[in-house]
Amino acid sequence: MKVIYPGSFDPITKGHMDIIERISDKFDEVVVAVLVNSEKNNLFTLEERKQLIKQEIKDYGLKNVTIESFDGLLIEFAKKIGSKIIVRGLRAISDYEYELQIAHINSKLYEGLETIFLVSKAEYSYISSSVVKEVASYKGDISTFVSENVAEKIMDKLIGG
Ligand code: COA
């Protein structure tokens, strides 16, 4: 069974990797779908975001995870790659309302599409890519939230290494 884990991943954090690792163990194939055009003002380009994810997947030794990008509606991407399962992580109750709305909309637009929610590990339940970037911008320690490679790349971008 093939599942989709979508997001902006600007950049990928240990919280995202926790979800990816757990679903790669439960499903045959995981497609990490990177959103091309988000309303967010991304720090990393699409190619950089994909490259960072690729390195993480390699470092975690996950064999059944691939990376793709998509633009437009997620359901169109799901149709294109032949998957009817989307996975999202729930960090806190504040995620729930938004996620529920999107899950309902997606299942209306694509009959049979299911959204599966995984509860984030407690130690990652308060992080987001933006928070990590903010801490980094003040030269704070981000090693608990992202890998060494991602931390280095953030620092390169923000303060030139
Ligand atoms: N651990 C740590 N952080 C996590 C996390 C986890 N497990 N899960 C989510 N986050 C963080 C992300 O880093 C991100 O942080 P940021 O806002 O600081 O950048 C934040 O939570 C939001 O998650 P993310 O998944 O990156 O983006 P999103 O919620 O904006 O986008 C899509 C989700 C891509 C699934 C959605 O926008 C989408 O499908 N877009 C395409 C258009 C579409 O089909 N819309 C639906 C119909 S309206």
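All values derive from a computational prediction rather than experimental measurement. (Residues numbered from 1 in each chain as written. Predicted model: local features only at pLDDT ≥ 70, side-chain atom pairs only at ≥ 80, totals over all residues. Heavy atoms only, no water.)

Draft legend 1. Fine view of the environment of Ala103. Assignment of secondary structure puts Ala103 in helix α4 (residues 93–109). It is 5.9 Å that separates the C-alpha atoms of Ala103 and Thr115, two residues lying 12 residues apart in sequence. The residues touching Ala103, leaving out its near neighbours within four places in the chain, are Thr115 and Phe117. (Helix = DSSP H or I, 4+ residues; strand = E, 2+ residues; numbered from the N terminus. Contact = heavy atoms within 4.5 Å.)

Draft legend 2. Examining the site of the ligand more closely. Taken together, 23 residues surround the ligand, and among them Leu74, Arg88, Arg91, Ser129 and Ser130 come closest. If you list the elements that add at least two residues to the shell around the ligand, you get β1 (2–7), α1 (14–26), α4 and α5 (129–137). Class assignment for the residues of the shell around the ligand results in nine nonpolar, 11 polar and three charged. (Near = heavy atom within 4 Å. Nonpolar A, V, L, I, M, F, W, Y, C, P; charged D, E, K, R; others polar.)

Draft legend 3. Quick peek at the packing of aromatic side chains. Scanning the model with the defined rule gives three aromatic pairs in all. Ring centres of Tyr126 and Phe145 lie 6.3 Å apart, and the angle between their planes is 85°; this geometry places the pair in the edge-to-face category. On the criterion of sequence distance, the pair formed by Tyr126 in the loop between β5 (114–119) and α5 and Phe145 in the loop between α5 and α6 (148–159) is long-range, its members being 19 residues apart. By relative accessible area, Phe145 is classed as buried at 13%. Its end group placed over the ring of Tyr110, Lys79 keeps NZ or CZ at 5.2 Å from the ring centre. (Phe/Tyr/Trp six-rings, centres within 6.5 Å; stacked < 30°, edge-to-face > 60°. Buried < 20%, exposed > 50% of the residue type's maximum accessible area, 1.4 Å probe, protein only. Lys NZ or Arg CZ within 6 Å of the ring centre and 35° of its normal.)

Draft legend 4. Region of interest: the environment of Arg49. Within the secondary structure layout, Arg49 lies in helix α2 (residues 46–60). Residue Arg49 is classed as buried on the basis of its relative accessible area of 2%. Distance from Arg49 to Phe77, taken between C-alpha atoms, is 18 Å for residues 28 residues apart in sequence. If near-sequence neighbours (up to four positions away) are discounted, Arg49 is found in contact with Ser8, Phe9, Asp10, Val34, Leu35, Val36, Asn42 and Phe44.

Draft legend 5. Layout of the nonpolar core. With 32 residues, the main nonpolar core has Tyr5, Ile12, Ile20, Ile23, Ile142, Val146 and Ile154 as its most contacted residues. Of all the secondary-structure elements, those providing two or more residues to this core are β1, α1, β2 (29–35), α2, β4 (85–90), α5 and α6. With residues near it in sequence (within four places) discarded, Ile154 still touches Pro11, Leu43, Phe44, Val132, Ala136, Ile142 and Val146. Val31, Phe70, Leu74 and Tyr110 belong to the second largest nonpolar core, which has 12 residues in total. (Core = buried A, V, L, I, M, F, W, Y, C linked by side-chain atoms within 4.5 Å.)

Shape descriptors only; they carry no functional weight alone.
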